[in-house]
Amino acid sequence: MTLSKSRFALSLLSAALVLGLSACGNKDGKNVATQVVAKVGSEEISVHQINQVLSRTFTEGTAPDAAQAMSRVVLEKLIDQQIAVDQAIENKLHRTPEVLSQIEAARREILTRAYMQKIASALPKPSAEDAKTYFAEHPQLFSQRRIFNVQEIVAPMAAGTAEQLRRLAATSKPIDEAAAWLKSKNIKFAAGSATRAAEEIPLELLAQVSALKDGQSTVLEAPESITLLHVISSQRVPVDEATALPRIEQFLGNQRASEAVAANIRKLRTDTKITYMGDFAKSEGAAPTTVLATTSQAEATDDKARTAIEKGVAAFK
């Protein structure tokens with residue numbers, strides 16, 4: 001069953017729930033359609049609440065009877081949730097500073113997401129020609145896509161380290177020799193092996209890695225670390241245009257939305273009076289950095305434990 005059919009089945013189920021429930025006190029004894037599916041004390045739970053939860057659930061291939069069972073599970077969880085909410089309010093937990101701050105944080109996040117979605121929804125969707133152009137300009141991701149079996153050593157950037165690792169990259173056993181050299185210099189490093197598909201390699205490094213043949217090595221530099229990468233073996237696994245185009249269109253749409261939101265926030269910052277205070281006043285003159293529209297805010301946090309090659313283009317997974 002396709003995703004659209006699954007959603008259609010869920011819509012039928014929702015309609016059945018609405019039509020199958022009636023309000024009490026009808027003088028004519030006729031059933032009156034209602035959106036309410038349950039009452040918990042004086043609070044009502046509606047079919048829309050069930051649909052909202054189901055919309056966030058992966059339901060592709062779900063049969064109607066299974067969808068109905070899922071709706072029942074969701075309803076019971078919503079009932080449990082409402083009972084807990086009632087008890088929290090009765091115990092005045094909603095007035096505690098910690099809960100108030102969490103509610104405010106959730107409110108700010110929801111409003112921020114809504115504003116970002118508003119900007120994104122106003123953008124034109126990438127065309128088929130845009131996707132075809134991207135496909136042609138990035139053969140390493142598609143027509144020449146490879147999956148790499150690699151070994152790597154990651155060390156902190158230090159004087160002389162890059163030059164030595166580049167020399168070792170040309171040897172027959174670069175990883176072993178690099179590990180021995182780093183140990184002799186008391187330089188801490190991390191070593192390991194992994195399998196990386198082309199889409200799991202940052203675009204700015206993909207051309208450098210794709211140029212390697214099996215058995216060759218290269219050095220990848222970052223501001224605070226350096227990686228010696230050795231390709232043990234690789235396998236060519238191309239992606240045809242028909243398969244890639246829908247994913248490319250989605251990726252380009254996400255990319256444009258991210259760029260549009262970032263540009264919008266930058267403009268708003270210039271039009272808004274921002275005053276840094278306290279300890280932060282010292283950095284008031286520093287250039288602001290907009291991180292609101294990053295693809296993943298987790299990637300903006302401390303990533304020293306991750307190697308340069310672990311950051312990928314997730315849109316093509």
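Only a predicted model underlies this, so the values are computations on that prediction, with no experimental measurement involved.

A separate point is the packing of aromatic side chains. Within this structure, the stated rule accounts for three aromatic pairs. Their ring planes at 55 degrees and their centres at 5.5 Å tell us that Tyr-134 and Phe-251 sit as a pair that is tilted. Of this pair, Tyr-134 sits in helix H5 (residues 128-137) while Phe-251 sits in helix H9 (residues 241-271), and the two are 117 residues apart along the sequence. Of the two residues, Tyr-134 and Phe-251, neither departs from the other in class, the shared state being buried. Taking 5.1 Å as the distance between ring centres and 25 degrees as the angle between the ring planes, the aromatic pair formed by Phe-135 and Phe-142 counts as stacked. For Phe-135, a relative accessible area of 12% translates into the label buried.

Tracing the chain through its elements places Gln-82 in helix H3 (residues 64-90). Engagement of the side chain of Gln-82 in a polar contact is seen with the side chain of Asp-86, the distance being 2.9 Å. Apart from the residues lying within four places of it in its own chain, the contact partners of Gln-82 are Val-40 and Glu-43.

Another point: the nonpolar core. Nonpolar side chains in soluble globular proteins tend to end up buried together. Among the nonpolar cores identified, the biggest contains 22 residues, and Tyr-134, Leu-141, Phe-142, Phe-148, Ile-201, Ala-244 and Ile-248 are the most heavily contacted of them. Put simply, the parts of the chain that give this core at least two residues each are H5, strand S3 (146-156), helix H8 (203-210), strand S6 (225-236) and H9. For this core, the element with the most residues is H9, which contributes five residues.

With that settled, consider the confidence of the model for the protein chain. Of the residues in the protein chain, 77% reach a pLDDT of 70 or more, and the chain-wide mean stands at 82. When the criterion is pLDDT under 50, residues 1-33 qualifies, and its contacts beyond four places in sequence or with other chains add up to 38 contacts.

A few words on the packing of helix H6 (residues 161-169) against helix H7 (residues 174-184). Their axes nearest at 9 Å, the elements H6 and H7 cross at an angle of 150 degrees. One way to sum up the angle between H6 and H7 is to call them roughly antiparallel. Seen from above, H6 lies across H7 with right-handed handedness. Facing H6, whose interface residues are Thr-161, Gln-164, Leu-165, Leu-168 and Ala-169, H7 presents Pro-174, Glu-177, Ala-178, Trp-181 and Leu-182.

Here the focus is the pattern of salt bridges. Under the counting rule described, the total for this entry stands at ten salt bridges. Where Arg-72 meets Glu-76, a salt bridge forms, and the shortest distance between an N and an O atom there is 3.3 Å. Of this pair, Arg-72 and Glu-76 both sit in helix H3, four residues apart, which is roughly one turn of that helix. Classification of Glu-76 as partly exposed rests on a relative accessible area of 36%. One salt bridge in this structure joins Glu-221 and Arg-166, with 2.0 Å as the shortest N-O distance. With Glu-221 in strand S5 (residues 217-221) and Arg-166 in helix H6, this residue pair connects regions lying 55 residues apart in the sequence. The exposure class assigned to Glu-221 is partly exposed, which follows from its relative accessible area of 45%.

Strands pair in a sheet through their backbones, by hydrogen bonds, and they do so in one of two ways: parallel or antiparallel. Spatially, S4-S3-S6-S5 is the arrangement adopted by the four strands of the open sheet, whose pairing is antiparallel. Where the open sheet ends on each side, the last strands, each with one partner, are strand S4 (190-197) and S5. Adjacent strand axes in the sheet meet at a mean angle of 30 degrees when their direction is disregarded. Relative to S6, S5 is paired through five bridges, and the arrangement is antiparallel. Each bridged residue has a counterpart across the sheet, and for Thr-218 the counterpart in S6 is Leu-229. Of the strands in this sheet, S3, S5 and S6 touch H7, which is tilted by about 10 degrees from S3.

Turning to the packing of helix H4 (residues 97-121) against H9, a few remarks are in order. In contact at an axis separation of 9 Å, H4 and H9 are set at 115 degrees when each is read in the N-to-C sense. Read as a crossing pair, H4 and H9 show a hand that is right-handed. Facing Tyr-115, Met-116, Ile-119 and Ala-120 of H4, the residues of H9 in contact are Ala-257, Ala-260, Val-261, Asn-264, Ile-265 and Leu-268. Residue composition of the contact of H4 with H9, by class: nine nonpolar, one polar and no charged.

The next thing to look at is H8. Residues spaced three or four apart along an α-helix point in a common direction, a consequence of the helix completing one turn every 3.6 residues. Within the sequence span of H8, burial applies to Leu-205, Leu-206, Val-209 and Ser-210. Angularly, the buried residues of H8 cover 130 degrees about the axis, an arc narrow enough to put them on a single face. Tucked inside the fold, the buried residues of H8 contact S3, S5 and S6.

Rules behind the numbers
- Residues numbered from 1 in each chain as written.
- Predicted model: local features only at pLDDT ≥ 70, side-chain atom pairs only at ≥ 80, totals over all residues.
- Heavy atoms only, no water.
- Phe/Tyr/Trp six-rings, centres within 6.5 Å; stacked < 30°, edge-to-face > 60°.
- Helix = DSSP H or I, 4+ residues; strand = E, 2+ residues; numbered from the N terminus.
- Buried < 20%, exposed > 50% of the residue type's maximum accessible area, 1.4 Å probe, protein only.
- Polar contact = N/O pair within 3.5 Å; in protein donor to acceptor, adjacent residues only side chain to side chain.
- Contact = heavy atoms within 4.5 Å.
- Core = buried A, V, L, I, M, F, W, Y, C linked by side-chain atoms within 4.5 Å.
- pLDDT = per-residue confidence, 0-100.
- Axes fitted to C-alpha atoms, helices over the stretch in contact; angles between N-to-C directions.
- Parallel < 35°, antiparallel > 145°, perpendicular 65-115°, else oblique.
- Left-handed = near helix turned anticlockwise from the far one by under 90°.
- Salt bridge = Lys/Arg side-chain N within 4 Å of Asp/Glu carboxyl O.
- Pairing = 2+ DSSP bridges.
- Nonpolar A, V, L, I, M, F, W, Y, C, P; charged D, E, K, R; others polar.
- Arc of directions from axis to C-beta.

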